[in-house]
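Each chain, letter by letter, is given below.
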Amino acid sequence: MLESSRTEVTLSDGAPLEVALDETDLRVLEALLAPLRAWTSPRFHGLDNIPADGPVLLVGNHNLMGVIDAPLLMPEVLRTRGRLIRGLAENLLISVPGVRHFLHYYGSVRGTRDNCMTLLRRGEAVIVFPGGGREAIRRKDEKYVLKWEGRTGFARMAIEAGAPIVPVAMIGIDDAYDIVFDGDHPVMRPVRWAVQALGLKTNLTPPLLRGLGPTALPRPERFYFSAGTPIDPAPWRDAEDLDAAASELRDVVRKSLEEELTFLFAERDRDSGRGLLGRLRSALPV
């Protein structure tokens, strides 16, 4: 018998190619996120810019600590657009068996180029954060700063896959915490040693945070999300220098994302319900 020449398409770590969540799955996810949603009363703008089908790369900004605000986006997009966002998880998270199973169940995979390209070629909606861990592990002077220097991989994949890019801006969590000491401070030396012992770079040493009063509970700042106009990578597809094309597309996406951030800052500043007290006042009968 002749062996088949067809290469089987797979994802790493045994992640499923297809993920279909039913109403119960969605309700479980929403129940898990309910305390955060109630505490932050998120607002979403422009989600109709996310295509209803076909491959799409959602490109977002990583905010403080990286994993607090982004999960709220998934059920909202699933409810409003009927699309499951496939996330690219950090290697450290995928390495933990129970966490890996949960992430796989809800569609996330290890954040590798092969996994991302496999999903895009299958017509999935994939979210990436080009700034990576360093963008999430803030320093004191880096509030809502994009750390995209040298980060062109997402743009190259969009060009190769012919996938439109939708910039997705998120703000709120950076307003909910103050950084007492960032990872570079001498006081954080023991934490840096622990980070190094885990095999991570010391520039990923998390800061010491203060939220509500002296506690680690985030202040009840509203979270804001905005999806911008899709960017078609077609104009860069036939470029002779793909590296230069990816750099140029990256800069276009960055400018678009910064415009969405500016829009959200204006929304936040005019919102009388930005904080919990304002939201409570608006809920009381006049």
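In this text the structure is predicted, and so the values were computed from the model without any measurement. (Residues numbered from 1 in each chain as written. Predicted model: local features only at pLDDT ≥ 70, side-chain atom pairs only at ≥ 80, totals over all residues. Heavy atoms only, no water.)

## Section: the overall build of the protein
Note the following rule: Starting at the N terminus, helices and strands are each numbered in turn, a helix being any DSSP run of H or I of at least four residues and a strand any DSSP run of E of at least two. To get the radius of gyration, use the C-alpha atoms; to get the globule rule, take the number of residues to the power 0.38 and multiply by 2.2 Å. Contacts are assigned to residue pairs that have any heavy atoms within 4.5 Å of one another. In these tables, accessible area is a Shrake-Rupley quantity obtained with a 1.4 Å probe, and a residue counts as shielded only by the protein chains included in the view. Counted charges follow a simple rule, with Lys and Arg positive, Asp and Glu negative, and His plus the chain ends left uncounted. Where a charge lies is defined by one atom per residue type, namely NZ (Lys), CZ (Arg), CG (Asp) and CD (Glu).
From N to C terminus, the protein includes eleven helices and nine strands. The globule rule puts the C-alpha radius of gyration for 286 residues at 19 Å, and the 20 Å found for the protein is close to it. For the protein, the spread of C-alpha atoms along the three principal axes comes to 75 × 50 × 40 Å. Looking at the protein alone, contacts between residues at least 24 apart form 80% of all its contacts between residues at least 6 apart. Accessible surface computed for the protein: about 14700 Å², of which carbon and sulfur atoms make up 55%. Treating the 36 positive side-chain charges of the protein as one cloud and the 39 negative ones as another, the clouds have centres 6 Å apart.

## Section: the pattern of salt bridges
Keep this limit in mind: Salt bridges are counted wherever a side-chain nitrogen of Lys or Arg sits within 4 Å of a carboxyl oxygen of Asp or Glu.
This model, assessed by the stated rule, comprises 26 salt bridges. Among the charged side chains, a salt-bridge network with shared partners connects Lys 143, Asp 175, Glu 221, Arg 268, Asp 269 and Arg 274.

## Looking at the sheet that holds strand S4 (residues 109-110)
Adjacent strands of a sheet form backbone hydrogen bonds with each other and so pair up, either parallel or antiparallel. As a reminder of what qualifies: Here the rule is simple: two strands pair whenever DSSP picks up at least two bridges between them. Inter-axis angles, ranging from 0 to 180 degrees, are taken between N-to-C directions of lines fitted to C-alpha atoms, where helices are fitted over the stretch in contact.
An order of S1-S9-S6-S2-S5-S3-S4 is seen for the seven strands of this open sheet, with the pairing classed as mixed. The open sheet terminates on both sides in strands that have one partner only, identified here as strand S1 (43-45) and S4. As judged from the four bridges shared by strand S2 (residues 56-60) and strand S5 (residues 125-128), these two strands associate in the parallel manner. Counterpart to Val 59 in the pairing with S5 is Val 128. Helix H2 (residues 73-81) rests against S1, strand S3 (85-89), S5, strand S6 (165-171) and strand S9 (224-227) of the sheet, and its axis sits at about 160 degrees to S3. Contacting S2, S5 and S6, helix H7 (residues 153-161) crosses the sheet at an angle of about 165 degrees to S2.

## Description of a nonpolar patch on the surface
Using the following cut-off: Patch rule: a residue counts if its relative accessible area is over 30% and it has no salt bridge; like charges are joined within 9 Å, and nonpolar side chains (Val, Leu, Ile, Met, Phe, Trp, Tyr) within 5 Å.
A cluster of nonpolar side chains, contributed by Val 67, Leu 93, Val 96 and Val 99, occupies part of the molecular surface with about 290 Å² of accessible area. Here Leu 93 lies in helix H3 (residues 91-94).

## A word on the pairing of S9
Going by this rule: Summary of the burial criterion: residues with accessible area below 20% of their type's maximum are buried, those above 50% are exposed, and those between are partly exposed, where the area comes from a 1.4 Å probe applied to protein chains only.
With burial as the criterion, each face of S9 is covered, one bearing Tyr 224 and Ser 226 and the other bearing Phe 225 and Ala 227. Where S6 lies against S9, four bridges are found, and the strand directions are antiparallel. Along S9, the bridge assignment pairs Val 168 with Ala 227.

## Section: the packing of H7 against helix H10 (residues 242-270)
Between two packed helices, both the angle of their axes relative to each other and the distance between the axes serve to describe the pair. Definition in use: Convention used here: angles under 35 degrees read as roughly parallel, angles over 145 as roughly antiparallel, angles from 65 to 115 as roughly perpendicular, and any remaining angle as oblique. Residues are grouped as follows: Ala, Val, Leu, Ile, Met, Phe, Trp, Tyr, Cys and Pro are nonpolar; Asp, Glu, Lys and Arg are charged; all remaining types, including Gly, are polar.
The geometry of H7 relative to H10 is characterised by a closest axis approach of 8 Å and an angle of 110 degrees between their N-to-C directions. Comparing their axes, H10 and H7 come out roughly perpendicular. Listed contacts from H10 to Phe 154, Ala 155, Arg 156, Ile 159 and Glu 160 of H7 are Leu 242, Asp 243, Ala 245, Ala 246, Leu 249, Arg 250 and Val 253. In terms of residue class, the contact of H7 with H10 is made up of eight nonpolar, no polar and four charged.

## Here we look at the side chain of His 62
Topologically, His 62 is positioned in the loop between S2 and H2. What makes His 62 buried here is its relative accessible area of 10%.

## Focus on the environment of Arg 121
Counting through the fold element by element, Arg 121 comes out in helix H5 (residues 113-121). Arg 121 sits in the exposed class, given a relative accessible area of 61%. When the C-alpha positions of Arg 121 and Gly 162 are compared, they lie 8.9 Å apart, and in sequence the two are 41 residues distant.

## A short note on unusual backbone geometry
For Ser 41, which is not glycine, the phi dihedral falls at a positive 40 degrees. Mapped onto the elements of the fold, Ser 41 is located in the loop between helix H1 (23-40) and S1. On the accessibility criterion, Ser 41 (22% relative accessible area) is partly exposed. For Tyr 144, which is not glycine, the phi dihedral falls at a positive 60 degrees.

## Quick notes on the packing of aromatic side chains
Here is the rule: A pair of Phe, Tyr and Trp rings is counted when the ring centres sit within 6.5 Å of each other, with Trp represented by its six-membered ring. The angle between the planes then sorts it: under 30 degrees is stacked, over 60 is edge-to-face, the rest tilted.
For the structure shown, the criterion picks out five aromatic pairs. Judged by centre distance (4.7 Å) and plane angle (15 degrees), the rings of Phe 44 and Phe 225 are stacked. Of the two residues, Phe 44 is situated in strand S1 and Phe 225 in strand S9; the sequence distance between them amounts to 181 residues. Looking at Phe 44, the relative accessible area reads 18%, which means it is buried. Judged by relative accessible area, Phe 225 falls into the buried class, the value being 1%. Ring centres 5.2 Å apart and planes at 65 degrees place the aromatic pair Tyr 105 and Tyr 106 in the edge-to-face group. A residue is classified by how much of its surface remains accessible, and Tyr 105, at 40% relative accessible area, is partly exposed. On the basis of relative accessibility, which here comes to 7%, the residue Tyr 106 falls in the buried class. Aromatic ring contacts, followed pair by pair, group Phe 102, Tyr 105 and Tyr 106 into a single cluster.

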